Amino acid sequence: MIDLETLPHLPGCYLYFDADGKVIYVGKAKDLKKRVGNYFQKRDHDHKTESLIQTASSLDFIVTNNEVEPCSSKIL
């Protein structure tokens, strides 16, 4: 389940996972809560985004200093 309440209003990366725990999408944002929230509030998504929302079963995030900072160093 994806709980938007746990997301901070901070920059970082977000990772969507399918039911098997496989990463299906990685994104970056200036404001994690606003960006990820847009996926679930907006109703006129393209086919690719709609498929992502339907397939995603969990979400993780990594807070960074800004939206351009690489997240890969924080994952390792």
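Here, every reference points to the structure presented above.
Read on for a plain summary of the structure. (Residues numbered from 1 in each chain as written. Predicted model: local features only at pLDDT ≥ 70, side-chain atom pairs only at ≥ 80, totals over all residues. Heavy atoms only, no water.)

### Regarding the overall build of the protein chain
Argument step 1. Across its full length, the protein chain holds 3 helices and 3 strands.
Argument step 2. Reading the protein chain from its N terminus to its C terminus gives the helix and strand order β-β-α-α-β-α.
Argument step 3. In terms of C-alpha radius of gyration, the protein chain reaches 12 Å, essentially the compact-globule figure of 11 Å for 76 residues.
Argument step 4. Counting only C-alpha atoms and orienting by the principal axes, one finds that the protein chain spans roughly 30 × 25 × 20 Å.
Argument step 5. Taking as baseline every contact in the protein chain between residues at least 6 positions apart, the subset at least 24 positions apart corresponds to 59%.
Argument step 6. Within the structure as shown, the protein chain displays about 5,100 Å² of accessible surface, and the carbon and sulfur contribution to it stands at 52%.
Argument step 7. Each charge class in the protein chain can be summarised by its mean position, and for the 10 positive and 11 negative side chains these summaries are 6 Å apart. (Helix = DSSP H or I, 4+ residues; strand = E, 2+ residues; numbered from the N terminus. Rg over C-alpha atoms; globule rule 2.2 N^0.38 Å. Contact = heavy atoms within 4.5 Å. Areas by Shrake-Rupley, 256 points an atom, 1.4 Å probe, with all protein chains shown as cover. Lys, Arg positive; Asp, Glu negative; His and termini not counted. Charge placed at Lys NZ, Arg CZ, Asp CG, Glu CD.)

### Focus: the nonpolar core
Argument step 1. In this structure, I2, L7, Y14, Y16, A29, L32, V36, Y39, L52, I53, A56 and L59 together form the largest nonpolar core, which totals 12 residues.
Argument step 2. Going through the elements one at a time, β1 (12-17), α1 (32-41) and α2 (47-55) are the ones with two or more residues in this core.
Argument step 3. Take this core: its biggest share by element is 3 residues, from α1.
Argument step 4. In this structure, V36 is in contact with L4, L7, Y14, Y16 and L59, ignoring residues within four places of it in sequence.
Argument step 5. Ranked by size, the runner-up nonpolar core spans 5 residues in total, among them C13, F17, I62 and C71. (Core = buried A, V, L, I, M, F, W, Y, C linked by side-chain atoms within 4.5 Å. Buried < 20%, exposed > 50% of the residue type's maximum accessible area, 1.4 Å probe, protein only.)

### Digging into the sheet that holds β1
Argument step 1. In spatial order, the strands read β2-β1-β3; together these 3 strands make up an open sheet with antiparallel pairing. Of all strands in the sheet, those bounded by a partner on one side alone are β2 (23-29) and β3 (58-63). For this sheet the average axis-to-axis angle between neighbouring strands, irrespective of direction, equals 20°.
Argument step 2. Judged from the 6 bridges that link them, β1 and β3 form a sheet pairing that is antiparallel. Its bridge partner being in β3, Y16 is matched across the sheet by L59.
Argument step 3. Against the sheet, α1 makes contact with β1, β2 and β3, and its axis sits at roughly 30° relative to β1, the strand it touches most. (Pairing = 2+ DSSP bridges. Axes fitted to C-alpha atoms, helices over the stretch in contact; angles between N-to-C directions.)

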